Amino acid sequence: MKQKKDVQHGTLALMVLGTLDVLGPLHGYGIARRIEQISGDLLFVNQGTLYPVLLRLEQEGAIASDWGPSENNRRARFYKMTRVGHKMLEAEKRDWEQTASIIARFFEVKAEDLA
Amino acid sequence: MRALKRLFTRLQNFVIGLRGDDRLREEMEQHLAFQTDENVRAGMLPEEARRQAILKLGPVQVIREHYHSQETLPILENLVRDFRYAVRRLLNSPSFAITAILTMAFGIGATSLVFSIFYAVVVDPYPYRDAEHIVQIGFVGKQGLRGFMAVNTVDFETVRHASTVADAMQTDFSDPITTVAGYPEDIEIARLSGNAFKFLGVSPLFGRTLTAADEDQHFVVLGYRFCRSHFQCDPTVLGRSVDLDHQQFSVVGVMPPRFAWEEAAAFVPLSRDANPEEAHPLFLRPRKGVSAIELSTQMLTLVRGFVLTNEGVELPAEIHLVTMPFGQLRGDLTQKRIVLLFAAVCILLVIACTNVSILLIGRTSARHQEFQIRHALGASRRRIAHQVLAEAVLTSCCGGLLGVGLAYIGVAVLRSSLDKSFLPAEAFLSVNVWVLAFSTLVSVGTGLLFGLMPGLQAAKSLFAPRLTSQFVSRSIGNRRSQRTLIGSQVALALVLLAIAGASVRSFIALYKMDMGYNPHRVLEFRLPLSTGQNASWTARVQYRTRLREALRHISGVMDASIDEAMPTGGGMQMEYGLPADRYGADMDARMPRADFEFVDSHYLSLLDIPVRSGRGLSQADQEAAEPVALINQTFARHLFGVESPLGHFLRVPPLVAGYEDFARPPHPTQMVRIIGVTGDVRAAWLPGAPPRETIYLSESLFATSHSLLVHLRTSGDPYTVLETARHVINQVNPAQPISNPRTLDEILSQDLRSRDRWLAVLTGIFSSSALFLAAIGLYSVVLFAVGKRSQEFGLRIALGAARSEILRVALFSELKVVLFGIGAGALLVLFLQKFMASVMELAPINLWFLFPACAVMLVVSAFAAYLPARGAASVDPMHALRSE
């Protein structure tokens, strides 16, 4: 059986931003669903933990939210990216890619390369 | 930036009390609904679908709490809650609250009061712009400071534009006679160069200040005090005319109260044309980045040039210049005293804190069970420690509030009762913003300080093994910290006692000191002489004799002297030389300095200054202006060793040169013959200092046209003869004013000893309070200790122990700690002793004083322990055992 992983601290915010960036305004459930889908169900999200993260991002001005009608005519709170959010995402992305590439290089390195 | 924005939002949420709980609930409800729908679509039964949805969402309560803590600032919320709780707790136990708050109020009040003095005297004594950079240039020779740089108005311009000087001003004094008040009186006037007001940078209360354009005008700017005492101090005073030495000056401005430059009553322009060659003292402000040495080096070059051009002589090679910061000469010792006072009051504050700490430890240990239950219910150690801290800070802040009130009262009392000379004239004692900020800081700081130990105790006690109320182990930690505190309290109280002892002793030493003259029942007043009056030398000398004889015959006056000498110190320092036949020519160049006292034939006998050998001045010497002098013993020993100085000659400066209105005595000479040796006279404020070298000359050699001093020795209260003296003088000369009548005792205590008197009074108050607080601390510790052991005592009594035995046990339970504290305190005192004597120039702490101080400490401690111990001994065994 595949082990589901808990979300690494801090990366959830990045995933939220990434999701909103690609899909445009979404409500909380939508975001949770997407994150699950994109991460290929490998990632276990205690979906409720999303809401404090959304609040924090909103306080930081990265996203904005408002009530609106959902696809099945329920009232839901929709979140959308702001300009600050875009900038933040870009910066985080760069950081993340840099970190990932450094780590990747460590994995690729072989003993004889260093000789 | 983002973090800041977030903090701001959260702070805002906290303040407006926003609760986003409803929003979260709705969002989560929607979330569940979406998930349930999806699960149903996937084929689940509705109930199962909802259950799965809830599982997937996670623990709702935890999420809500997390959400809430993100939303606002939990630290602040807890703080508010802790304070609310602390208020309730304090209200529940008013006796503790009152004791603790009063103790803190006292500590913080005293500290704030002393801080306000400290601020007024040390931090911000002068209202002048950039006052800490104003300097005077001092001449230093082999004997130390000889005087200050003074230049004439022509050279002044050179100094002002020197490369190291940012700006400079000149000031000089005169004490003209004015009749503003309806009778003649002399007032102190400062004559200021045109740029002086700009240099000092103080704007006037009304009207305007003097500028360079006013230099030759008859304009006057009044000082606030003079304006208050002689006019209604309002803008109508502008344009009025003031008579100064028969010249009319028009009032153009009034300065604010703190502008008290050289304590002058009024300010007039220093005119250039009166005598361009006359030198006036100089104040300057160096350019930024110029060091003191660079400044004095350049000034030395300039001064050499000035002396060579103006006087045609070289400046003696050993003279060098130093920069003296403005106010340093006047305030140095006072500042040291105030720093000491501040240190003393800080010790008092620490003692007060320790006291409240002890009380609080007793309280927290009683709440031990409550803390354990709270801990068991999930309160973290930090939260519990925070609660105790909150209680401490609340107590100290209440105390601080009350303390500021006390400081206000104290400042009001001190302002009316402190002697004028205690503070610089410009200093303004008040509870200002800085004092309030200081008090706030101290309140919160002390709260944290004395809450720390009880807080740690509370947190530590959580690890005690059981949730029971009765066991001993927990109290051991508390007892230990209480004992540490009580020990340090005793030690600090002893240090404070020693400081107070040293201050009181140096003050008593001042009083008891044999100054070499008898200052009791001597009235002194000044006779300002109008310029030009009694123009000839003979007339001047006769005027003095006439006045003296008239005064001597007043009933109640035992003797009278008309002179220009100040036995209390502050006489004129001048250079003298020795004749070349004895010491060689180079001796003249060295120009040693001595105090010159111009006296008449009655002065020495009036003040009981003994003539050790030779003879005193006679009336004949005076009337003939015989060039004779007396010198004091120290001077004689310095100059002549064991040899008798009688008959030797001294060269004195040309006394009459430089005064436009001098009257030439019959034999103008600079050589005076020594006819007698007098006893030494000591300065009244420095018990250890060696007596200064003094020369007594007949005042008639000089016959000043400026002002004279009158000294009257009376048989009773000196002031009773004052009215008669006024009357008698009026009969001799109706135009002769009298100013500033005071007794020598008053001058000594108000001007010269007030610093030490106030230090003694305040440290005395502080140390007795410290003793009292230490006693209260000990009392509560013993009370706490015997309270803990009341069952044990009950049991002992039930088993047949004598009550006296119980009393003994209870009484001596804390004795070891007290003894330890006394030992530590004594060591501290020994450590501080050297510092006190050398830096503070106080009488050294007498080691013999330590014994009585320790004894007092012990007796007070014994009394403080006795009261609760007696309570313990009278415990009813049945009652004590039943409370199990």
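Everything numeric in this text was worked out from a predicted model, so none of it was measured.

**Quick notes on the overall build of chain A**
The helix and strand inventory of chain A stands at five helices and five strands. For chain A, the N- to C-terminal ordering of α and β elements is β-α-β-α-β-α-β-β-α-α. When each of the 115 residues of chain A is scored for burial, the buried share is 38%. When contacts within chain A are restricted to residue pairs at least 6 apart in sequence, long-range pairs at least 24 apart make up 50% of them. For chain A, the accessible area works out to roughly 7,200 Å², and carbon and sulfur atoms hold 56% of it.

**Re the pattern of salt bridges**
Overall, the coordinates contain 29 salt bridges over all chains when judged by the stated rule. Here Glu36 of chain A ties to Lys56 of chain B by a salt bridge, and the two come within 3.0 Å at their closest N and O atoms. With Glu36 of chain A in helix α2 (residues 28-38) and Lys56 of chain B in helix α3 (residues 46-57), the pair connects residues from two separate chains. Where Arg808 of chain B meets Glu805 of chain B, a salt bridge forms, and the shortest distance between an N and an O atom there is 3.2 Å. Note that Arg808 of chain B and Glu805 of chain B are positioned in helix α26 (residues 803-812) at a spacing of three residues, about one turn of the helix. Look at Arg808 of chain B and you get partly exposed, because its relative accessible area is 43%.

**Quick look at the nonpolar core**
Counting 93 residues, the largest nonpolar core has Ile117, Leu348, Leu429, Leu494, Phe766, Phe793 and Met857 of chain B as the members making the most contacts within it. For this core, the element with the most residues is helix α11 (residues 328-366) of chain B, which contributes 17 residues. When neighbours within four sequence positions are excluded, Leu429 of chain B is seen to be in contact with Ser116, Ile117, Ala120, Val411, Leu414, Arg415, Leu418 and Leu423 of chain B. Within the second largest apolar cluster, 28 residues are counted, among which are Ala13, Leu14 and Met81 of chain A together with Ala53 of chain B.

**Observations concerning the interface of chain A and chain B**
In this assembly, 31 residues from chain A lie in contact with 28 residues from chain B. Taken over both partners, the interface formed by chain A and chain B buries close to 2,600 Å², and the fraction arising from carbon and sulfur atoms is 55%. In terms of surface lost to chain B, no three residues of chain A exceed Tyr29, Tyr51 and Gln59 of chain A, which account for 27% of the buried area on that side. At the boundary of chain A and chain B, one finds four salt bridges. Run the count over chain A and chain B and you get twelve residue pairs in polar contact (both at pLDDT 80 or more). Take the side of chain A that touches chain B: its biggest share by element is six residues, from helix α3 (residues 50-59) of chain A. The residue inventory of the side of chain A that touches chain B, partitioned by class, reads ten nonpolar, eleven polar and ten charged.

**What to know about the sheet that holds strand β4 (residues 63-69) of chain A**
Reading across the sheet, the three strands line up as β2-β5-β4 (chain A) and stay open at both edges, with antiparallel pairing between neighbours. With one partner strand each, in any of the chains shown, β2 (26-27) and β4 of chain A form the two edges of the open sheet. Set on the sheet, helix α2 (residues 21-41) of chain B makes contact with β2, β4 and β5 (75-81) of chain A; between it and β5 of chain A the angle comes to about 100°.

**Overview of the packing of aromatic side chains**
Residue and element names in this part refer to chain B. Taken as a whole and judged by the stated rule, the model has 21 aromatic pairs over all chains. Each ring, one from Phe115 and one from Tyr119, has its centre 6.4 Å from the other, and the planes form 40°; the classification is tilted. Of this pair, Phe115 and Tyr119 both sit in helix α6 (residues 94-123), four residues apart, roughly one helical turn. Per residue, the accessibility class of Phe115 equals that of Tyr119, and both read buried. Relative to Phe342, the ring of Phe115 lies with its centre 6.0 Å away and its plane at 45°, an arrangement referred to as tilted.

**Quick notes on the sheet that holds strand β15 (residues 522-528) of chain B**
Residue and element names in this part refer to chain B. Spatial strand order, β16-β24-β15-β25: four strands in an open sheet with antiparallel pairing. Of all strands in the sheet, those with a lone pairing partner are β16 (557-563) and β25 (739-743), marking the two edges. Across the sheet, the mean angle from the axis of one strand to that of its neighbour is 15°, orientation sign disregarded. Pairing of β15 with strand β24 (residues 707-714), which is carried by seven bridges, proceeds in the antiparallel orientation. By the bridge assignment, Leu523 is partnered in β24 with Leu712. Its contacts with the sheet place helix α16 (residues 537-552) against β15, β16 and β24, and it is angled at close to 160° to β16. Lying on the sheet, helix α23 (residues 744-752) is in contact with β15, β24 and β25; it crosses β25 at an angle near 90°.

**Here's the deal with the environment of Leu24 of chain B**
If you trace the backbone, Leu24 of chain B turns up in helix α2. The exposure class of Leu24 of chain B is buried, given its relative accessible area of 0%. Sequence spacing of Leu24 of chain B and Ile806 of chain B is 782 residues, and the spatial spacing of their C-alpha atoms is 66 Å. Contacts of Leu24 of chain B, omitting those with residues within four sequence positions, involve Tyr51 of chain A together with Arg64 and Tyr67 of chain B.

**Some points on the environment of Phe78 of chain A**
Residue and element names in this part refer to chain A. Mapped onto the secondary structure, Phe78 falls in strand β5. In this structure, the C-alpha to C-alpha distance between Phe78 and Tyr29, residues 49 residues apart in sequence, is 9.8 Å. Ignoring any residue separated from it by four or fewer positions in sequence, one finds Phe78 in contact with Pro25, Leu26, His27, Ala64, Ser65, Asp66, Gly68, Pro69 and Ser70.

**Thoughts on helix α22 (residues 722-732) of chain B**
Residue and element names in this part refer to chain B. Taken together, the buried positions of α22 are occupied by Leu722, Ala725, Val728 and Ile729. Projected down its long axis, α22 shows its buried positions confined to an angular sector of 120°, all on one face. Away from its buried face by more than 90 degrees, α22 exposes Glu723 and Gln731. Buried residues along α22 sit in contact with β15, α16, β24 and β25.

**Section: the packing of helix α5 (residues 74-92) of chain B against α6 of chain B**
Residues and elements named next belong to chain B. Two elements in contact, α5 and α6, have axes separated by 5 Å at closest approach and are oriented at 105°. As the angle between them shows, α5 and α6 are arranged roughly perpendicular. Residues Leu90, Leu91 and Asn92 of α5 lie in contact with α6, whose contacting residues are Pro94, Phe96 and Ala97. For the contact of α5 with α6, the residue count by class is five nonpolar, one polar and no charged.

**Thoughts on a nonpolar patch on the surface**
Residues Phe106, Leu406, Tyr408, Ile409, Val413 and Leu436 of chain B make up a contiguous nonpolar surface patch of about 530 Å² in total accessible area. Per-element tally for the nonpolar patch: the top contributor is helix α13 (residues 381-417) of chain B, with four residues.

**Quick notes on the side chain of Glu391 of chain B**
Structurally, Glu391 of chain B is set in helix α13. Setting aside residues no more than four positions away along its own chain, Glu391 of chain B makes contact with Ala86, Arg89, Leu90, Phe96, Leu360, Arg363 and Arg367 of chain B.

**Some points on the pairing of strand β23 (residues 694-698) of chain B**
Residues and elements named next belong to chain B. With five of its five residues buried, β23 lies for the most part within the structure. Burial along β23 is two-sided: the residues Thr694, Tyr696 and Ser698 and Ile695 and Leu697 are all buried. One ladder, built from five bridges, connects strand β18 (residues 593-599) with β23; its direction is parallel. The residue bridging Glu597 from the neighbouring strand is Tyr696, located in β23.

**Quick notes on the side chain of Gln622 of chain B**
Residue and element names in this part refer to chain B. Among the structural elements, Gln622 can be located in helix α20 (residues 619-624). Judged by relative accessible area, which is 7%, Gln622 ranks as buried. Here the side chain of Gln622 touches Ser601 through a polar contact of 3.2 Å, landing on its backbone nitrogen. Setting aside chain neighbours within four positions, we find Gln622 in contact with Trp537, Val541, Arg548, Asp600, Ser601, Ser698 and Ser700.

**Digging into the environment of Val413 of chain B**
All names here are of chain B. Tracing the backbone shows Val413 in helix α13. Assessed through its relative accessible area of 46%, Val413 is described here as partly exposed. Put simply, Val413 and Arg521 are 108 residues apart on the chain and 29 Å apart in space, counted from C-alpha to C-alpha.

**Brief notes about the state of the cysteines**
Throughout this description, disulfide means a covalent bond between two cysteine sulfur atoms. All names here are of chain B. Tallying each qualifying case throughout the model produces zero disulfides over all chains. Cys398 carries a free sulfur, and the closest cysteine sulfur to it, the one in Cys397, is 7.3 Å from it. Residue classification places Cys398 among the partly exposed positions, given a relative accessible area of 30%.

**Observations regarding unusual backbone geometry**
All names here are of chain B. Backbone geometry at His246 places phi at a positive 65°, although glycine is not the residue there. Looking at His246, the relative accessible area reads 68%, which means it is exposed. Look at Asp608: it is not a glycine, yet its phi comes out positive at around 60°. Overall, Asp608 belongs to the partly exposed group, its relative accessible area being 44%.

**Remarks on the confidence of the model for chain A**
Low pLDDT means the predicted atomic positions in that stretch should not be read closely. On average, residues of chain A score 81 in pLDDT, and 84% of them reach the 70 mark or higher. Considering each helix and strand of chain A separately, the mean pLDDT is smallest for strand β1 (residues 5-6) of chain A, with a value of 52, and largest for helix α4 (residues 83-108) of chain A, with 89.

How each quantity is defined
- The residue count restarts for each chain, going from 1 along the sequence in the order it is written.
- Working convention: letters from A go to chains and numbers from 1 go to ligands, in the order in which they are written.
- Owing to the predicted nature of the model, reporting of local features is limited to residues with pLDDT of at least 70; listing and counting of side-chain atom pairs is limited to 80 or more, with chain, interface and lining totals taken over all residues.
- The basis for every side-chain value is the complete set of non-hydrogen atoms in the structure, without hydrogens or water.
- Secondary structure elements follow DSSP: runs of H or I no shorter than four residues count as helices, runs of E no shorter than two count as strands, and numbering proceeds from the N terminus.
- Only protein chains enter the calculation, and the probe is 1.4 Å; a residue is then buried if its accessible area is under 20% of its type maximum, exposed if over 50%, and partly exposed in between.
- Should any heavy atoms of two residues lie within 4.5 Å, those residues are counted as being in contact.
- All accessibility values rest on the Shrake-Rupley procedure with a 1.4 Å probe; residue burial counts only the protein chains present in the view.
- One side-chain nitrogen of Lys or Arg within 4 Å of one carboxyl oxygen of Asp or Glu is enough to make a salt bridge.
- We call a set of buried Ala, Val, Leu, Ile, Met, Phe, Trp, Tyr and Cys residues a nonpolar core when their side-chain atoms join them within 4.5 Å.
- Buried area is a sum: the accessible area each of two parts loses on coming together, probed at 1.4 Å, counted once for each and added.
- The definition of a polar contact used here is a pair of N or O atoms within 3.5 Å, where within protein one atom must be able to donate a hydrogen and the other to accept one, and adjacent residues in sequence count solely through side-chain atom pairs.
- Throughout, the ten residues Ala, Val, Leu, Ile, Met, Phe, Trp, Tyr, Cys and Pro are labelled nonpolar, Asp, Glu, Lys and Arg are labelled charged, and all others, Gly among them, are labelled polar.
- Any two strands with at least two DSSP bridges between them are considered paired.
- Axis definition: a line fitted to C-alpha atoms, over the contacting stretch in the case of helices. Angles run 0 to 180 degrees between N-to-C directions.
- Each Phe, Tyr or Trp ring, with Trp reduced to its six-membered ring, pairs with another whose centre is within 6.5 Å; inter-plane angles below 30 degrees give stacked pairs, above 60 give edge-to-face pairs, and intermediate values give tilted ones.
- The directions from the helix axis to the C-beta atoms form the arc being described.
- In what follows, roughly perpendicular refers to angles from 65 to 115 degrees, roughly parallel to angles under 35, roughly antiparallel to angles over 145, and oblique to any angle outside these ranges.
- Here a patch means residues that are over 30% exposed by relative accessible area and free of salt bridges, tied together within 9 Å if like-charged and within 5 Å if nonpolar (Val, Leu, Ile, Met, Phe, Trp, Tyr).
- A pair of cysteine sulfur atoms is labelled a disulfide when the two atoms are within 2.5 Å.
- As a per-residue measure, pLDDT tells how confident the predictor is, with possible values from 0 to 100.

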